[in-house]
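Secondary and tertiary structure notes
One-letter residues, chain by chain:
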Amino acid sequence: MNHENMKAWILNQTTDLSNNVNPLILTDVPKPIPRRNEVLIRVSCCGVCHTELDEIEGRVSVPNYPIILGHQVIGRIEKLGDGSTLYKIGERVGVAWIGWACGQCVQCLSGNENLCKKFRSTGCEIQGGYAEYMTIDERFAYTIPEVFTNEQAAPLLCAGAIGYRSLMLSELKNEEPLGLMGFGASAHIVLKLSKYLFPDSPIIVIARSPEERAFAMSLGATWTGNVGERPPSYARAVIDTTPSWKAIVASLEVLQPGGRLVINAIRKEPFDKEALLNLSYPEHLWMEKEIKSVANLTRLDVISFLKIASEMPLLPEIQIYPFEEANKALLDLKNKHVKGAKVISSK
């Protein structure tokens, strides 16, 4: 029996992007067949995430190679596996970082499936969306509101949904100042979302790039500055979306007493880890300041966020790359050529 093939970008091993500008290889691989309760999706586009850089450079472990990266996937159902009943052929759906959770453990039953010990991530433990097709358990696919184009919808599935989770974990209330450390794909969505949910909250953006600071001001930030600069008022909550350790120290410096720092990053890069030696207990940690990390996300996060985003509507700023330029999109992200979110499109 001949198996039909498809094009896919595969990662065969970890590599240093400073030395290797083509970490992914475009090749023919077998087109996946949906198993029981799975759906086959013809991929239209896939968002590009910093987590992919972490996988390529080895900060996030990939259990098996080769792996197809990508966890912000938009496409249409092409085939249903046995027992699959939630969707019809031709429906547009999305796939996010959460690719599977057991649904039976204490964490899952308490609504924290993001903390499930058997959690499986799309594009890391499950083959992802840098391909013409992918399969997923139908429970972990999402109907995409019609207000969004394919390319607008893709970043909402990670940069948006994880940004939403970060904002909820901050426990911010209207009128309380919000700080954003770094201003990439997720942070620019959080800014738009926070202006909708907390319209009277000042928004402080701290970013090294003048272009990012100007971009933040154009979207309605109250104040922007470089790392080390002091805003006119300190933040009740800060969301850090950077790969930097120095950003943790800088975030704590501008946090109000009793405030919360939410770190929205799956890993931090090692280049400036020594910055933690500058932590001062009375300046950075005392006065009941809190630090909370964001681990993965739940299906409810995605569903809730897509509903709010469609009501606004929240339209992310995007840069579109053709499918053939996946490596270029990753290198541009690595080298901070960022304005909004990057999307690889199969058009």
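The text that follows walks through the structure, step by step, so that each part is easy to find. (Residues numbered from 1 in each chain as written. Predicted model: local features only at pLDDT ≥ 70, side-chain atom pairs only at ≥ 80, totals over all residues. Heavy atoms only, no water.)

Once that is clear, we can look at the packing of helix 5 (residues 185-197) against helix 9 (residues 299-311). Two elements in contact, helix 5 and helix 9, have axes whose closest approach is 11 Å; the angle formed by their N-to-C orientations is 75°. With respect to their mutual orientation, helix 5 and helix 9 come out roughly perpendicular. On helix 9, the residues that touch Ile189, Leu193, Tyr196 and Leu197 of helix 5 are Phe305, Ile308 and Glu311. (Axes fitted to C-alpha atoms, helices over the stretch in contact; angles between N-to-C directions. Helix = DSSP H or I, 4+ residues; strand = E, 2+ residues; numbered from the N terminus. Parallel < 35°, antiparallel > 145°, perpendicular 65-115°, else oblique. Contact = heavy atoms within 4.5 Å.)

Before going further, it helps to spend a moment on the sheet that holds strand 15 (residues 290-293). One open sheet holds the six strands; their spatial order is 12-11-10-13-14-15, and the pairing between them is parallel. The open sheet has two edge strands with one neighbour each: strand 12 (223-225) and strand 15. Going across the sheet, the axis of each strand differs from the next one's by a mean of 20°, ignoring polarity. Here strand 13 (residues 235-240) runs beside strand 14 (residues 255-263); their pairing, made up of five bridges, is parallel. Directly across from Val238, in strand 14, lies its bridge partner Leu261. Running over the sheet, helix 4 (residues 159-170) touches strand 10 (178-181), strand 13, strand 14 and strand 15 and is turned about 155° from strand 14. On top of the sheet, helix 7 (residues 246-253) reaches strand 10, strand 13, strand 14 and strand 15; it is set at about 150° to strand 14, its chief contact. (Pairing = 2+ DSSP bridges.)

Of the two faces of strand 5 (residues 92-95), the one lined by Arg92 and Gly94 and the one lined by Val93 and Val95 are each fully buried. By the bridge criterion, four bridges tie strand 4 (residues 73-80) to strand 5 in an arrangement that is antiparallel. For Val73, the partnering residue across the bridge sits in strand 5 and is Val95. Where strand 5 lies against strand 9 (residues 141-143), three bridges are found, and the strand directions are antiparallel. Paired with Gly94 across the bridge in strand 9 is Tyr142. (Buried < 20%, exposed > 50% of the residue type's maximum accessible area, 1.4 Å probe, protein only.)

The quantities given are spatial measurements derived from coordinates; they are silent on function.
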